[in-house]
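# Commentary on secondary and tertiary structure
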Amino acid sequence: MRVTQGMMTANSLRYSQSSYQRLSTLYDQISAQKKITRFSQDPVVAAKSMQHRQSLAQMEQYKRNVNEAHSWLNQGDTSLKEVSSILKRVRELAVTGSTDGYGEEERKNIAHELEELRNHLITVANANVNGKYIFNGSDTDNPPVQELSPSKLNGEKLDNVKITYDGQIYDYDADAGHFVASGGDDTLVLNGEAIETGTGDVVAEKDMLIMRISTNQQDVSFELQKGVEIQVNTDARKLFSDELYSDFFMFEQALLDPETTAEDLGEFISKIDAHLRNAADVHGQLGARMNRVDLMEDRLGQQEYFVKETKSMNEDLDLSEAIMKLLVAEGVHNAALAVTARIIQPSLLDFLR
């Protein structure tokens, strides 16, 4: 076959373009430090990279969920510690007050301290994280515990409203339209802005405790891994119960009553012990969930490490190998250009001589 100068020129240009493309690819890889810079260069590597990035994005969201779960659980843990401290202090006061050595003034001082502790217990029950109440089930926008006054009951829904008066707890009977003592027939009636007994006597505000405690017990859960959700709220209904605040209030009333004997006051010790056991049970459940969240966080960290390692093996460039290839390609390219220059150097006049 006859080989013309035009054929050699065309071949030289084609080889030169291929060489330039190879050099350009190596330059791009080294600059980006990735095996590919376009999907078309290796669809398999590109597809795997997308899967790895999707997995890492999910893990980032799970890590944010873990942080949020820690916030809820840590706040719950702190609050429950406060509750235990309050109950232990109340028990000390119950033991102290149930002796005959304390007079009327000492008992009155104990009652005042009890009132402050009861008010603080309401504050603890209404603890929140970022504006969300953590002890009110899924109804995180409303406080779970509220102390009300008779004037605030007008126009309000009276569901879940209970009144502690004269040693009894009164529940609202919607059909009858008044409050009925639990296990008894005594009634209290809301008349305008006052609470009256069944005989029409107005009950002084200081002699009764009106509470509204939420009954929402729905779980609040966060997804910490695909398909794995962990509850972060606490079954506060068991701890912050009507009986808890009623027992506090009845204890205060008993201390203020000169007719109350030391034996009567001693009965509150067993009631406080029961609330302490409830607090321990609730705290124990919360502690178990905190341990599980810690384990999930460790597992998430390990999975993230493995995915990053696999992603790096799939798409990251071996820089030393790439630089070596670049040097070889540059040498080949320069040699090819030099040879081409020598081949196409003779002109037509050189052949006609």
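Residues numbered from 1 in each chain as written. Predicted model: local features only at pLDDT ≥ 70, side-chain atom pairs only at ≥ 80, totals over all residues. Heavy atoms only, no water.

### With respect to the domain arrangement of the chain
A common way to report how large an interface is uses the accessible area buried once the components associate. By the assigned domains, the chain splits into domain 1 (34-142 + 218-316) and domain 2 (145-213). Facing the 14 residues of domain 1 at the interface are 13 residues of domain 2. Carbon and sulfur atoms supply 61% of the area that domain 1 and domain 2 bury against each other, a total of about 1,100 Å² over both sides. The largest share of the area that domain 1 buries against domain 2 comes from D242, F249 and M250, three residues that together contribute 41% of it. (Domains from an automatic or database assignment. Contact = heavy atoms within 4.5 Å. Buried area = accessible area lost by both parts, 1.4 Å probe.)

### Some remarks on the packing of aromatic side chains
Considering all chains together, one arrives at five aromatic pairs under this definition. Ring geometry for W72 and F222: centres 6.3 Å apart, planes at 75°, overall edge-to-face. Highlighted residues: W72 in helix α2 (residues 43-97) and F222 in strand β10 (residues 221-225), separated in sequence by 150 residues. Owing to a relative accessible area of 17%, F222 belongs among the buried residues under this scheme. Directly above the ring of Y15 sits R14, whose terminal nitrogen or CZ lies 5.3 Å from the centroid. (Phe/Tyr/Trp six-rings, centres within 6.5 Å; stacked < 30°, edge-to-face > 60°. Helix = DSSP H or I, 4+ residues; strand = E, 2+ residues; numbered from the N terminus. Buried < 20%, exposed > 50% of the residue type's maximum accessible area, 1.4 Å probe, protein only. Lys NZ or Arg CZ within 6 Å of the ring centre and 35° of its normal.)

### Regarding the UniProt feature "domain: Flagellin N-terminal" (unreviewed entry) in the chain
What UniProt calls "domain: Flagellin N-terminal" (unreviewed entry) maps, in this numbering, to residues 7-140. Helix makes up 77% of residues 7-140 and strand 3%. Its end C-alpha atoms lie 81 Å apart. (UniProt positions renumbered as here; feature names shortened; annotations may be inferred.)

### Brief notes about the packing of helix α5 (residues 242-256) against helix α6 (residues 262-315)
Taken N-terminus to C-terminus, the directions of α5 and α6 make an angle of 160°; their axes are 11 Å apart at the nearest point. As far as their axial angle goes, α6 and α5 are roughly antiparallel. Between α5 and α6 lies a crossing whose hand is left-handed. Residue-level inspection shows E243, L244, D247, F248, M250, F251, A254 and L255 of α5 in contact with α6, the latter providing L265, F268, K271, I272 and H275. Partitioned by chemical class, the residues of the contact of α5 with α6 number nine nonpolar, one polar and three charged. (Axes fitted to C-alpha atoms, helices over the stretch in contact; angles between N-to-C directions. Parallel < 35°, antiparallel > 145°, perpendicular 65-115°, else oblique. Left-handed = near helix turned anticlockwise from the far one by under 90°. Nonpolar A, V, L, I, M, F, W, Y, C, P; charged D, E, K, R; others polar.)

### Comments concerning a nonpolar patch on the surface
Taken together, the side chains of L319, I323, M324, L327, V328 and V332 make up a nonpolar region of the molecular surface, amounting to roughly 530 Å² of accessible area. Checked against the element boundaries, V332 lands in helix α7 (residues 319-343). Residue class for V332 comes out partly exposed when judged on its relative accessible area of 44%. (Patch = residues over 30% accessible without salt bridge, like charges linked within 9 Å, V, L, I, M, F, W, Y side chains within 5 Å. Areas by Shrake-Rupley, 256 points an atom, 1.4 Å probe, with all protein chains shown as cover. Salt bridge = Lys/Arg side-chain N within 4 Å of Asp/Glu carboxyl O.)

### Let's talk about the sheet that holds strand β8 (residues 194-197)
Here we have seven strands laid out as an open sheet, ordered β3-β9-β4-β5-β6-β7-β8, and antiparallel in their pairing. Looking at strand neighbours, the two that pair on one side only are β3 (145-148) and β8, the edges of this open sheet. Adjacent strand axes in the sheet meet at a mean angle of 30°, parallel and antiparallel pairs treated alike. As defined by bridge partners, strand β4 (residues 161-165) adjoins strand β9 (residues 208-213) across five bridges and the pair is classed as antiparallel. Bridge pairing in β9 links Y165 to M208. Where helix α3 (residues 104-125) meets the sheet, its contacts fall on β3 and β9, and the angle it forms with β3 comes to roughly 140°. Against the sheet, α5 touches β3, β4, β5 (168-173) and β9, its axis set at about 165° to β9. (Pairing = 2+ DSSP bridges.)

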